[in-house]
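Below are the chains, spelled out letter by letter.
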Amino acid sequence: MSTDLIDIAAVPEAWTRTHLLDLESLSAEELTLILDTAETLREATDGCSRKVSVLNGYTMANLFFENSTRTRTSFGLAARRLGADTVDFSSSGSSLSKGETFIDTAKNIEAMGVDAVVVRHHTPGTAYLLSQNLKCSVINAGDGAHEHPTQGLLDILTIRQQRNRIEGLTVALVGDISHSRTARSNIWGLKKLGAHVIVCGPSTLVSRRWEELGVEVAYNLDDILPRCDVLNILRIQFERQAMRPFPSVREYAHLYAMNGERMRRSKKDILIMAPGPINRGVELTPEVADGPHSVILHQVTNGLAVRMAVLWLLLGAANR
Ligand code: CP
């Protein structure tokens, strides 16, 4: 797509969705269209830093019921880069404390003239629930351990930029798979685009049942490391766990942390990724997080490109 075709009316007819709730239901063609659109908008905005006013007159609301740094900020910036107005809602300090329901809260925000809501909530299915109750577009910014579709998209975009392909690559997701919405979105997206996906971590955090999604399950990082083109290193989500899933953080780091010694046993051009936030010294050491193979901050920049693309496509389809 050429950069002079980014008018909202130029959203391809083939794109018909007005909500983005998951990557499970998207086809390979739809995934590729989002990635290609993100590249076009990245170029049109000089690397996501300049404004193009294609969503003038539109308003996007961030509805965050869980903490966030990257997703919330980049959705806000993405909307403003495209010329849209933004509203930021936080559950703390809101009238939820007076007994207002989640859906009533969302309907009231929508009634202020909002065209798209971006929702993050600890309950799986929340974005779907809103899509059934609101007239505007709904974007899932993370629903419990279910999915985080724009994170999956920005991870895949980063791999495609660095390797010019997804098909045939071996991508390992390492760490706390069981609580990870990012893992689920990556798995759906990467598998549809032809990657071989490995999920690796302690057996308390990686069940054999993941094989049902068509991925390889591994418990020994050192065994799989020489085969991996990409490692996407997931945070241990202590806040979602009633019991500690391993005897000590030190033992976890010994078995699974990416460090200088493991880097030397990896492929020469391995990509090191992490959706963030990262726990330095637990999942990866600072020399790896800040080293030449790390594309962690590229992922963050690509978050803007992907979120611009998603807003443009959804609002374009809704506009029709
Ligand atoms: N990766 C991610 O979702 O980060 P935040 O929780 O900071 O949004």
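What you are looking at is a predicted structure, and each value in this text was computed from that prediction instead of being measured.

Asks: Please set out the pattern of salt bridges residue by residue, giving values where relevant.
Replies: Where charged atoms from two side chains of opposite charge come close, those side chains can pair. The full count for this structure, using the stated rule, is 15 salt bridges. Measuring nitrogen to oxygen at the nearest pair gives 2.8 Å for the salt bridge that ties E30 to R17. Taken together, the positions of E30 in helix α1 (residues 28-44) and R17 in the segment before α1 put the pair 13 residues apart, joining distant regions of the chain. Take R17: its relative accessible area is 22%, and that puts it in the partly exposed class. Across the pair E261 and R265 runs a salt bridge, and its minimum N-O distance is 2.9 Å. According to the relative accessible area criterion, E261 is partly exposed, its value standing at 41%. The exposure class of R265 is partly exposed, given its relative accessible area of 34%.

Asks: With reference to specific residues and values, describe the sheet that holds strand β9 (residues 271-273).
Replies: Whenever strands of a sheet pair, they do so through backbone hydrogen bonds, lying parallel or antiparallel. Taking strand neighbours across the sheet as the criterion, the 5 strands line up as β7-β6-β5-β8-β9 in an open arrangement whose pairing is parallel. Only two strands of the sheet have a single neighbouring strand rather than two, namely β7 (216-218) and β9. Averaged over neighbouring strand pairs, the angle between their axes works out to 20° when direction is ignored. The sheet contact formed by strand β5 (residues 170-174) and strand β8 (residues 230-233) spans 4 bridges and is parallel. Directly across from L173, in β8, lies its bridge partner N232.

Asks: Please provide a residue-by-residue account of the nonpolar core, values included.
Replies: If you look at the biggest cluster of nonpolar residues, it comprises 94 residues, and the most contacted ones within it are L55, L153, V199, L231 and M258. No other element matches the 13 residues that helix α11 (residues 296-319) contributes to this core. Here this core spans two domains, since at least three of its residues come from each of domain 1 (3-145 + 300-319) and domain 2 (149-299). Residues contacting L55, with those up to four places away along its chain left out, are I8, L82, G83, A84, L311, W312 and L315.

Asks: Any chance you could break down the domain arrangement of the chain for me, citing the residues and the numbers?
Replies: In terms of domain boundaries, the chain breaks down into domain 1 (3-145 + 300-319) and domain 2 (149-299). In this structure, domain 1 and domain 2 have C-alpha centres spaced 26 Å apart. Listed per partner, the contact involves 35 residues of domain 1 and 29 residues of domain 2. Interface of domain 1 and domain 2: buried area, both sides summed, is about 2500 Å²; carbon and sulfur atoms make up 58% of it. Viewed at the interface, domain 2 and domain 1 are joined by 2 salt bridges.

Asks: Any chance you could break down the site of the ligand for me, citing the residues and the numbers?
Replies: Near the ligand you find S68, T69, R70, T71, R120, H148, Q151, P275 and G276, and these make up its full shell. Contact between the ligand and R120: an oxygen atom at 2.9 Å from a side-chain N or O atom of the residue. For the ligand, whose free accessible area comes to 260 Å², the fraction covered by protein is 91%. For the shell around the ligand, a count of residues per class yields 1 nonpolar, 6 polar and 2 charged.

Asks: Could you give me a rundown of the pairing of β5, with the residues and numbers involved?
Replies: Counting buried residues in β5 gives 5 out of 5 residues, a clear majority hidden from the surface. A two-sided burial pattern is seen for β5, the buried positions comprising T170, A172 and V174 on one face and V171 and L173 on the other. Sheet topology note: the β5/strand β6 (residues 196-200) ladder contains 5 bridges and is parallel. The partner of T170 across the bridge, within β6, is H196. Each parallel crossover has a hand, and for β5 linked through helix α6 (residues 181-192) to β6 it is right-handed.

Conventions we followed
- Residues numbered from 1 in each chain as written.
- Predicted model: local features only at pLDDT ≥ 70, side-chain atom pairs only at ≥ 80, totals over all residues.
- Heavy atoms only, no water.
- Salt bridge = Lys/Arg side-chain N within 4 Å of Asp/Glu carboxyl O.
- Helix = DSSP H or I, 4+ residues; strand = E, 2+ residues; numbered from the N terminus.
- Buried < 20%, exposed > 50% of the residue type's maximum accessible area, 1.4 Å probe, protein only.
- Pairing = 2+ DSSP bridges.
- Axes fitted to C-alpha atoms, helices over the stretch in contact; angles between N-to-C directions.
- Core = buried A, V, L, I, M, F, W, Y, C linked by side-chain atoms within 4.5 Å.
- Domains from an automatic or database assignment.
- Contact = heavy atoms within 4.5 Å.
- Buried area = accessible area lost by both parts, 1.4 Å probe.
- Near = heavy atom within 4 Å.
- Polar contact = N/O pair within 3.5 Å; in protein donor to acceptor, adjacent residues only side chain to side chain.
- Areas by Shrake-Rupley, 256 points an atom, 1.4 Å probe, with all protein chains shown as cover.
- Nonpolar A, V, L, I, M, F, W, Y, C, P; charged D, E, K, R; others polar.
- Right-handed = clockwise from strand over helix to strand, strands pointing away.

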